[in-house]
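For reference, the chains in residue letters:
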Amino acid sequence: MATDILLKCSLFQSLTKEQIDDMLDTIDYQMVSYNKDQVISTEGDLCNRIGIVLEGAIEIRKIYPMGKSVTVTRLNPSNIFGEVILFSNMKRYPSTLVACNQLQVLFIAKEQIIALMEHYPIIMNNLLNVLTSKILTLNKKLRNLSYENMRQKIADYILTEYKRQQNLYIELNVSRKEMAESLGVTRPSLSRELAAMKDESIIDYHKNTIKINNLQMLEDCLL
């Protein structure tokens, strides 16, 4: 099962099943199981390995001094974590990682990753692609923070998906809750603003599909 998940992992793209099996035979790694709501690491913990989700899901949470918790993102099978910290000067987790359900994670230490990159140069290329993608995602989030109101944030989100999907019918691969968290707004507030934009015939929506009724009006929301 681990091999099948690793074949889908961005870090091991272009490797064959045989190569991944050989890789697992030649390196030291750890497979760790967690129960629902169990903490994998807390903010400030030292990070010296990359984690790959094999089964279950992880929530990355920012927990504030008064106890409030905000979910930053969710990791699903084949997703990796720790790679940005591992190859930076940070060295410590900036957020808390919590198991959403029964979870299994494969951990590979930094020195083992370096050894793998020497043996399989494609892994180094894949790692650079992963790091670049995360930088672009961060830039997108920073741009989102620059908007003054919720409608601008929603319009930018929809227009970005429109450019990516090249279709006036946008298929969202996230829940309404996850969309709200990515925009830094509450789910009820997001729902109200989407409903208002629907009433104004800017968009229409049903479940995870958003239809752009008027592209010009949607772009004008950013002005």
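Look up a bit, the structure's there.
Computed from a predicted model, the values in this text were never measured in an experiment. (Residues numbered from 1 in each chain as written. Predicted model: local features only at pLDDT ≥ 70, side-chain atom pairs only at ≥ 80, totals over all residues. Heavy atoms only, no water.)

1. Regarding the packing of helix α6 (residues 150–165) against helix α7 (residues 176–183)
Put simply, the test is: Angles shown run from 0 to 180 degrees and are taken between the N-to-C directions of axes, each axis being a line fitted to C-alpha atoms and, for helices, limited to the stretch in contact. By definition, any uninterrupted DSSP run of H or I lasting at least four residues is a helix, any uninterrupted run of E lasting at least two residues is a strand, and each is numbered from the N terminus. Oblique is the label for any angle not covered by the other classes, which are roughly parallel (under 35 degrees), roughly antiparallel (over 145) and roughly perpendicular (65 to 115). Crossing handedness: left-handed means the near helix sits turned counterclockwise from the far one by under a right angle, and right-handed means the same turn made clockwise. In what follows, a contact means two residues having at least one pair of non-hydrogen atoms within 4.5 Å.
Where α6 meets α7, the axes come as close as 10 Å, and the angle between the chain directions of the two elements is 115 degrees. Our classification of the angle between α6 and α7 gives roughly perpendicular. As for how α6 packs across α7, the hand of that crossing is right-handed. Contact with α6, carried on its side by Lys153, Ile154 and Tyr157, involves Met179, Ser182 and Leu183 of α7 and no other residues of that element.

2. Here's the deal with the side chain of serine 95
Selection rule: Burial here depends on accessible area, computed with a 1.4 Å probe over protein chains only, as a share of the maximum for the residue type. Under 20% is buried, over 50% is exposed, and the range in between is partly exposed.
With respect to the helices and strands, the residue serine 95 is situated in the loop between α3 (83–86) and β7 (96–99). The class for serine 95 is buried, based on a relative accessible area of 10%. Ignoring any residue separated from it by four or fewer positions in sequence, one finds serine 95 in contact with Ser41, Thr42, Glu43, Ile60, Arg61 and Lys62.

3. Considering the pairing of strand β4 (residues 58–63)
What counts, and what does not: Note on pairing: DSSP must find at least two bridges between two strands before they are called paired.
Note: β4 against strand β5 (residues 69–75), six bridges, orientation antiparallel. Residue glutamate 59 lies in a different strand from β5, and its bridge partner there is arginine 74. Bridging between β4 and β7 involves four bridges; their strand directions are antiparallel. Counted as the bridge partner of isoleucine 58 is alanine 99 from β7.

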